[in-house]
Amino acid sequence: MTHHKVTTHNLGFPRIGPNRELKFALEAYWKDQSSDDELDRIAAQLRTQNWQWQNKLDWTPVGEFSFYDHVLDTSFMLGNIPERFRTLPKNELDRYFQVARGRAAGEMTKWFDTNYHYIVPEFNRSTHFALNATSLLKQIEQAQTENVRAKPVILGPVTYLALGKSTDGVNPLDLLESLLPAYGELLNMLAAKGIEWVQIDEPILVTELAPEWTNALSIAYHTLKSAPIKILLATYFGSLQENAYLAANLPVAGLHVDAVRGRNDITPLLNVLPQHRVLSLGVIDGRNIWKTDLNATLDWLEPIALQLGNRLWLAPSCSLLHVPVDLQKETQLDPDLVTWLAFAKQKLQELHILAEALNNGRHAVASFLHENQTAVESRRQSSRVNNPVVKLALANLAPDAGTRQSTYKERVTKQSARLNLPLFPTTTIGSFPQTKEIRRQRKAFRQKEIDAITYKTAMQTEIASCIKEQEALELDVLVHGEAERNDMVEYFAEHLEGFAFSQYGWVQSYGSRCVKPPILYGDIQRPKAMTVEWILYAQSLTQRPVKGMLTGPVTLLNWSFVRNDQPRAITCRQLALAMREEVLDLERAGIKIIQIDEAALREGLPLRKTQWQSYLNWAIEAFRLCANSVQDETQIHTHMCYSEFNDIMPFIAQMDADVITIETSRSNMKLLEAFKDFSYPNEIGPGVYDIHSPAVPDTAQMTALMEKAAQYIPAERLWVNPDCGLKTRQWDEVKPALLALVQAAQSLRQSI
Ligand code: GLN
Ligand code: ZN
C-alpha cells in the first residue's frame, strides 16, 4: 500500500452544543440571569468537548467557535465596529451583543446558500482597521493547554470585504490596502504562538467574480505570503469552475476545495496545482445528513492519493456548522433511517475511516467499510425510499398539468363574479398570534397529555375566535389563523410520507436561534387531506371567503434536509404533486381561494447566476404543477417574503398566481417597480404593515403606501394586506393595526 500518509482535518464544528447548551447560556445571559463568567465557562466547556470529539484528526479547527456569528467576530477582531456603537456599553461582550441584536443592530443576511445568517460588516470612507485578536488568542491558548493540534480558522480578507456593505458609497475593495496589514499582523501573531497552519476561508471563490475581485485575491495572498506561517486557503459550497486556475495558483501552502459539490473541478485542478502544494479534498458532505458511500469515495480517492502522496489532505466539504451534532442522541428515529444518516460526529468518524483505508489499506478498516456498504445498499433498495406509485404518477403527468385552463383576464371575470369583493380587498397572510394557550395545547397533544378530540376542540375554539376577530375588523378575505401549525414546513412534512423528524437535529440559524429541518428521505406521498377539515370548519363560521392555506413545494424542499440520491428537481416535483392533491381537495370542498406560500423560493437560488435559469425552471414548474390544476373560478394566491424581484420577474409572472402578496413596507413600495416595468398582469398585495416590528402603523401611513403602490399598479389589481404572517405578534398589536389597515382600504375606495 502507499507509504504516504494522508492528513485529516476539519473546517469547523457546530458551536451550539449537542443539547443547544450555547443557546440556553446566551439567553440566560441576555435575560441577566447569568454572568459573563458563567457564559465563558460554558463556552470553554463546549470547545473542550468539541475538540475531544475531533481528537483523531491531524488538525483541529480552533477559533470558529462564536458567541453569535463568526463574521461579526471578524469585524470585532479587525476593529471594524459601526460608529453608532463605539461609545455604547463599556463591556466588550455587551457591545458585541448590541451590534448583533440590539437597537440599530447590524443587518443580518444569509451566509452564501445556507440557512445560517451573519451580521453584515459595514464600510465607509473613514473605516480603518486595528487588530484586536484577544478573543481568537484566548481560544488558541485554551486549545494549546488542552494539547489540541490547533489550526486556527479565520475569514479571508477578500470574502470579508465582499460580504460587507458600504454605507457611504465607498467601494469595499478600496479598503483592501488598509485591511491587509491587520491580517499580516494577525498571521505573525499566530506564528509567534507556535501555530504551523492557519485556515483562511475564501468561499467567494465558488461564485462568479468580477476581475477586480480576482485581482484582489491575488494582491491579498501575495501580500500575506511573507508571514512565517502556512496558509490553507479554504473554499466551499460549490465548484471553482473558472476560478480554479486562480485558486490553484495563489501563493499559499495548501488549498481546500469542496469535492462534493465541486467534484468535477478536481481532475483539472490536479493538472494545474503547483508541485509541493497541499490539496485538501472535502469529500464528506458538510451540508447534508446522509452517510457517505465510503467505498465509492475510496474508488475515486485512491488514484488521487497515489498521485499526491502526503500532499493530500481530507476533510468534510465545509464547516460542520450546517449539520446537527450527534446522531447517537436520536432514539426515536426509525432504525432503518438511522443507519443511513451521519451528523457532525459521525462524519468525522467517516473521515477517519477513509484516512485509515488510504494509509493502511482498506483491509485495515474492512468491518467499517462493510457496515457502511450494507447501510448504503439498504437505503438504495429500501421500499420506504422507493415508492413505485409516486414514480408512476410523475411519469404519467400530462404536459399541460401545470397550466390554468384560461388566461388571467378570463379567470378574473369569473372570480370577481363569484367572490364579489370590493376594490382594494383586505386580507392577511395566514397566521394570527401564536398565543401561550395555543402553544400549550399543541404541546400537550404532542406529548399525548390530551387526546385527539380534546385537541381538535381546542384548536376549533382558536379558529372560531380568530374568525370572529376578523369579522369584527371587517376584513374581506379571512384565514383560519394556523393555530394548529408549529411551523409552515414542519406541519406539512409531518402529514406527508417520505419525511422523518429528528429530536435533536438542531442547526444554528442565527445567534441563539436554531432550526430543526425535517428529513426528506423518500418518495413523497400524501396519505390523506391535511388541511381541509380546519379550513372547512373556519369557512362554516362565516359568509366571507376563507383562504385555504398551504406551503408550496419549493419552500418545503428548501427548508428541509433533502435526499441526495436523486436531483432536487425531481424531489420538488413529488412535493408538488402531493400538494396539488391538497389544492384539489380544498377546491372540491368548496373553498374559493387557496394560498400557496413560497417564502423560500428566492433563497434557493444557486450561488452562481449561470445556474439560476435551470433552478427557476424546475422550481416554477413545480409551483405551477401544484397550483394550476384548479378551475377558472378558484382564485390562487401566493406569498413571498422580502425578495428583490427585478432579476426574476419573468419567472414570477410564469407562476401565474391570480394574486401575489409580498413584503414591501420597508422598501417603501420600491419593489413594485419591477412589476411595473415588466407589466406584470395579475393582482398584487404589497404589504403595508411591517409585521417584524411591534409598532402599530396608522391609517394615514398605510393609505400613503397604497397610493404609492397605485402609481405602479392599477388600483383594480391591488390588495391591502400586511407584509407577512402575524404569528410572532401580540393580539393587542394586531387588532389596532388591522383596524387601521381596513380603514386605509375604506378611505382608498372613497377617494377613487
Ligand atoms: N402563511 C404563513 C404565515 O402567515 C406565511 C409565512 C411566511 O411567509 N414566512 O405565517
Ligand atoms: Zn412572508
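This one's a predicted model, so the numbers in the text were calculated from it and none came from an experiment.

(A) Here's a closer look at the overall build of the protein. Scanning the protein for helices and strands turns up 27 helices and 22 strands. Whereas a compact globule of 752 residues would reach a radius of gyration of roughly 27 Å, the protein reaches 27 Å, a difference of no more than 12%. A principal-axis box enclosing the C-alpha atoms of the protein has dimensions of 80 × 60 × 50 Å. Out of the 752 residues in the protein, the part that is buried amounts to 59%.

(B) View of the coordination of the zinc ion (ligand 2). Within the protein, the atoms that donate to the zinc ion (ligand 2) are H639 (NE2), C641 (SG) and C724 (SG), at distances of 2.1 to 2.2 Å. Considering all 4 donor atoms around the zinc ion (ligand 2), angles at the metal cover 87 to 125 degrees and the coordination shape is tetrahedral. Between consecutive donor residues of the zinc ion (ligand 2), the sequence gaps follow H-x1-C-x82-C. Residue C641 is located in the loop between β20 (635–640) and α24 (649–655), and its partner C724 is located in the loop between α26 (699–712) and α27 (731–751); the two are separated by 83 residues in the primary sequence. In this structure C641 comes out as partly exposed when scored by relative accessible area, which is 21%.

(C) View of the packing of helix α22 (residues 568–588) against helix α23 (residues 612–627). Interhelical geometry of α22 versus α23 gives an angle of 20 degrees and a closest axis separation of 7 Å. Considered as vectors, α22 and α23 are oriented roughly parallel to each other. Note on packing geometry: the crossing formed by α22 with α23 is right-handed. Here α22 contributes R568, A569, C572, R573, A576, L577, M579, R580 and V583 to the contact with α23, which in turn contributes W618, E621, A622, L625, C626 and A627. Among the residues making up the contact of α22 with α23, the classes are represented as 11 nonpolar, no polar and 4 charged.

(D) Quick peek at the layout of surface pockets. Its boundaries defined by the atoms lining it, the second largest pocket holds a volume of some 890 Å³. Around the second largest pocket, the lining comprises 39 residues; the ones closest to its centre are F65, D73, S135, L136 and Q139. Looking at the lining of the second largest pocket residue by residue, the classes come out as 18 nonpolar, 12 polar and 9 charged.

(E) Inspection of the UniProt feature "binding site: 5-methyltetrahydropteroyltri-L-glutamate" (unreviewed entry) in the protein at higher detail. UniProt records the feature "binding site: 5-methyltetrahydropteroyltri-L-glutamate" (unreviewed entry) for R20, E21, L22, K23, K110, R513, C514, W559 and E603 in the present numbering. The largest pairwise C-alpha distance within this set of annotated residues, which runs over 584 residues, is 28.7 Å, so the set is dispersed in three dimensions. Turning to its location among the elements, R20 is positioned in the loop between β1 (7–8) and α1 (21–30). You can call R20 buried: its relative accessible area is 18%. Once residues within four sequence positions are removed from consideration, R20 is found in contact with W506 and C514. With respect to the helices, strands and loops of the structure, W559 is situated in the loop between α21 (553–558) and β18 (561–562). If we skip the residues at most four places from it in the chain, W559 touches M488, V489, P517, P518, A599, A600 and E603.

(F) Region of interest: the site of ligand 1. Near ligand 1 you find I429, G430, S431, E482, M488, M549, D597, A599, H639, C641, C724 and G725, and these make up its full shell. In the environment of ligand 1, a nitrogen atom lies 2.9 Å from a nitrogen or oxygen atom belonging to the side chain of E482. Measuring from a nitrogen atom of ligand 1, one finds a side-chain N or O atom of D597 at 2.6 Å. The protein chains hide 91% of the 290 Å² of surface that ligand 1 would expose on its own. Residues that form the shell around ligand 1 fall into these classes: 6 nonpolar, 4 polar and 2 charged.

(G) Main features of empty space enclosed by the protein. Following the criterion strictly, the structure yields 3 cavities of 30 Å³ or more and no others. A volume near 70 Å³ is recorded for the largest cavity. Lining the largest cavity are F13, P14, R15, R47, N50, W51, Q54, P61, G63, E64, F65 and Q139. Among the elements that make up the lining of the largest cavity, the one with the highest residue count is helix α2 (residues 36–53) (3 residues). Per-class residue counts for the lining of the largest cavity are 5 nonpolar, 4 polar and 3 charged.

Criteria and cut-off values
Residues numbered from 1 in each chain as written. Chains lettered and ligands numbered in written order. Predicted model: local features only at pLDDT ≥ 70, side-chain atom pairs only at ≥ 80, totals over all residues. Heavy atoms only, no water. Helix = DSSP H or I, 4+ residues; strand = E, 2+ residues; numbered from the N terminus. Rg over C-alpha atoms; globule rule 2.2 N^0.38 Å. Buried < 20%, exposed > 50% of the residue type's maximum accessible area, 1.4 Å probe, protein only. Donors = N, O, S within 2.8 Å, 3.2 Å for Na, K, Ca; no water. Tetrahedral: all angles 85-135°; square planar, octahedral: opposite > 155°, others 65-115°. Axes fitted to C-alpha atoms, helices over the stretch in contact; angles between N-to-C directions. Parallel < 35°, antiparallel > 145°, perpendicular 65-115°, else oblique. Left-handed = near helix turned anticlockwise from the far one by under 90°. Contact = heavy atoms within 4.5 Å. Nonpolar A, V, L, I, M, F, W, Y, C, P; charged D, E, K, R; others polar. 1 Å grid on protein atoms, 1.4 Å probe; cavity = no way out; pocket = protein on both sides within 12 Å on 5 of 7 lines; lining within 4 Å. Points joined across faces, edges and corners; volume = space filled by probe spheres on them. UniProt positions renumbered as here; feature names shortened; annotations may be inferred. Near = heavy atom within 4 Å. Polar contact = N/O pair within 3.5 Å; in protein donor to acceptor, adjacent residues only side chain to side chain. Areas by Shrake-Rupley, 256 points an atom, 1.4 Å probe, with all protein chains shown as cover.

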